[in-house]
Amino acid sequence: MSLVNISEVTPAFFITAVVFILLFFGLLSFGILRMFQLRYKDGWFSFLGAIVSGVVFGVVLNTWFV
């Protein structure tokens, strides 16, 4: 096993990735929680928000960092 070189990761990319990862998984877990609480409409809106944030993250990555 070797060390990973992260010196080329820019601060802007790191902050962007952290924000979108927290948003995506936060909405996903909130949707699962709402489904267990039998609030299906709120759960589906949270799942939809997670999907939209994932797509926006892909567009931002493709536009700014690739």
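Below is a summary of the structure that appears in this document. (Residues numbered from 1 in each chain as written. Predicted model: local features only at pLDDT ≥ 70, side-chain atom pairs only at ≥ 80, totals over all residues. Heavy atoms only, no water.)

### Notes on unusual backbone geometry
Thinking step 1. The backbone of leucine 38 sits at a positive phi, close to 65°, despite the residue not being glycine.
Thinking step 2. Overall, the relative accessible area of 60% leaves leucine 38 in the exposed class. (Buried < 20%, exposed > 50% of the residue type's maximum accessible area, 1.4 Å probe, protein only.)

### Examining the packing of aromatic side chains
Thinking step 1. In the structure shown here, the tally under the stated rule is 5 aromatic pairs.
Thinking step 2. Measuring from centroid to centroid gives 5.5 Å for tryptophan 44 and phenylalanine 47, while their planes differ by 70°, and the two rings are edge-to-face. Taken together, the residues span about one helical turn, with tryptophan 44 and phenylalanine 47 both in helix α2 (residues 40-65) at a distance of 3 residues.
Thinking step 3. For tryptophan 44, a relative accessible area of 56% puts it in the exposed group.
Thinking step 4. Judged by its relative accessible area of 18%, phenylalanine 47 falls in the buried class.
Thinking step 5. A centroid spacing of 6.5 Å and a plane angle of 80° characterise the contact between tryptophan 64 and phenylalanine 65, whose relative ring orientation is edge-to-face.
Thinking step 6. Residue phenylalanine 65 is classed as partly exposed on the basis of its relative accessible area of 30%.
Thinking step 7. Counting every residue linked through ring pairs, the aromatic cluster contains Phe13, Trp64 and Phe65. (Phe/Tyr/Trp six-rings, centres within 6.5 Å; stacked < 30°, edge-to-face > 60°. Helix = DSSP H or I, 4+ residues; strand = E, 2+ residues; numbered from the N terminus.)

### Examining the side chain of arginine 34
Thinking step 1. With respect to the helices and strands, the residue arginine 34 is situated in helix α1 (residues 11-36).
Thinking step 2. Residue contacts for arginine 34: discarding those within four places in its chain leaves Arg39, Asp42 and Gly43. (Contact = heavy atoms within 4.5 Å.)

### Thoughts on the environment of aspartate 42
Thinking step 1. Tracing the sequence through the fold places aspartate 42 in helix α2.
Thinking step 2. Its relative accessible area of 36% is what places aspartate 42 among the partly exposed residues.
Thinking step 3. Spatially, the C-alpha atoms of aspartate 42 and proline 11 are 34 Å apart, while their sequence positions differ by 31 residues.

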